[in-house]
Amino acid sequence: MVDLEKAPPARSPEGEPVPRADGEGCLVVAVRLPVRIVALVLVLPVRMAWDALVVAGRFLRDTVLRPVGRALAWLGRALFVWPLVGLWRYVVVPVAKGVGWLGKVLLVVPAVWVYRWVLTPVGRALAWCCAGVGAVLTALGRGLYAGLAWLARYLVVVPAGWLYAWVLTPIGHLLAWCGRGLARCGRGVLWCLGKAVTGIGAVLYWTVRILLVLPALAVWRWVLAPVGRALAVVGRELLDALGHAWRIAGHLSRAVGRALAALFRWTVAEPARWVYRSVLTPVGHAVRDTVLRPLAEAARAAGRAGRQALRSARLSVRQARADLRRTLFGEPERTPSVDRREPSGAKARTLGSSTTALTKD
């Protein structure tokens, strides 16, 4: 959305307009409004055309393109996918299995037989022959190596050692002596250059010190340092004043907050608590004792009566079912139960009679 309304300018307590913090003046505000209007006039037709195209495209997609696409997909599956699947499943796979079986019978089995009974014995014989030839060639190679080593030692190594000991070593000593002399000369030249560079550096140092460092030090010591001390004193005083003002404002704010809290407590909280404790609680207890508890007792009594009625109905239905079963099928036969446990009194009498019989005997 383009904001076409201009915000009212801020004003000071005296009524004078206050300049904005972002530095925008009247010229910027006057130019912004025509630019926004022109942008709105130019963008509005484009946005309306875009929305119309979007709606038309969605309608065309939902009503034409999507059904046509589904029909083409089904037609493609019916004309291409299903025939190819049937061809692969019922033609290509059986033919491939038959060709594989024929290849195994006509190629793999004969090739395995040839490898096992022809190529393997021939290969072992060739390996044995190659091993013998290799042993002969190894012996010849060792002899040739020994001869070449003897020739190389007496034709190359011994002359090279003599050349190193009697020719290259004296020449190397001579070149080392010459190099040491050149090194001494180079050190002298470098010492002279070092002294010259040291002198030039001292001159440059004192020049920079006199022309730059001493004036800058004087400006720092006699101008910037006193000004910095004065500004530090002023800033410290300002910070102290702000700190005191902040603390005093905190105390005032705390006092105002406590006053408002007390006012809220005595005007709202205490009356509400008194009403709850002195009015609502007795009313609630009276309603509970006179209405809710009798209703609860009546509900419990009704529940008990309903449960008893259901229990009586279940017993009646069970008795009627038993009577109907006895009427249709007769009384069921009952096997008399034999209690194998002898009562304690009979057991005592039996023990007493057996003791008496033993005594008589």
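Residues numbered from 1 in each chain as written. Predicted model: local features only at pLDDT ≥ 70, side-chain atom pairs only at ≥ 80, totals over all residues. Heavy atoms only, no water.

Novice: Report on the overall build of the protein chain, specifying residues and quantitative values.
Specialist: In terms of regular secondary structure, the protein chain is built from 2 helices and 0 strands. Out of the 361 residues in the protein chain, the part that is buried amounts to 1%. When the accessible surface of the protein chain is split by element, carbon and sulfur atoms take 72% of a total near 32,300 Å². (Helix = DSSP H or I, 4+ residues; strand = E, 2+ residues; numbered from the N terminus. Buried < 20%, exposed > 50% of the residue type's maximum accessible area, 1.4 Å probe, protein only. Areas by Shrake-Rupley, 256 points an atom, 1.4 Å probe, with all protein chains shown as cover.)

Novice: Kindly report on the packing of aromatic side chains, identifying the contributing residues and their values.
Specialist: In total, this model carries 3 aromatic pairs according to the counting rule given. Ring geometry for Trp-74 versus Trp-82: centroids 6.4 Å apart, planes at 90°, classification edge-to-face. Here Trp-74 falls in the partly exposed class, since its relative accessible area comes to 48%. Overall, Trp-82 belongs to the partly exposed group, its relative accessible area being 49%. Residues Trp-150 and Tyr-154 carry aromatic rings whose centres are separated by 5.1 Å and whose planes lie at 50° to one another, so their mutual orientation is tilted. Separated by 4 residues within a single helix, Trp-150 and Tyr-154 lie in helix H1 (residues 26-329), roughly one turn from each other. Of the residues examined, Tyr-154 reaches a relative accessible area of 45% and is grouped as partly exposed. (Phe/Tyr/Trp six-rings, centres within 6.5 Å; stacked < 30°, edge-to-face > 60°.)

Novice: Give a detailed account of a positive patch on the surface, specifying residues and quantitative values.
Specialist: Taken together, Arg-304, Arg-307, Arg-311, Arg-314, Arg-318, Arg-321 and Arg-325 make up a surface patch of like positive charges. With respect to the helices and strands, Arg-314 occurs in helix H1. (Patch = residues over 30% accessible without salt bridge, like charges linked within 9 Å, V, L, I, M, F, W, Y side chains within 5 Å. Salt bridge = Lys/Arg side-chain N within 4 Å of Asp/Glu carboxyl O. Lys, Arg positive; Asp, Glu negative; His and termini not counted. Charge placed at Lys NZ, Arg CZ, Asp CG, Glu CD.)

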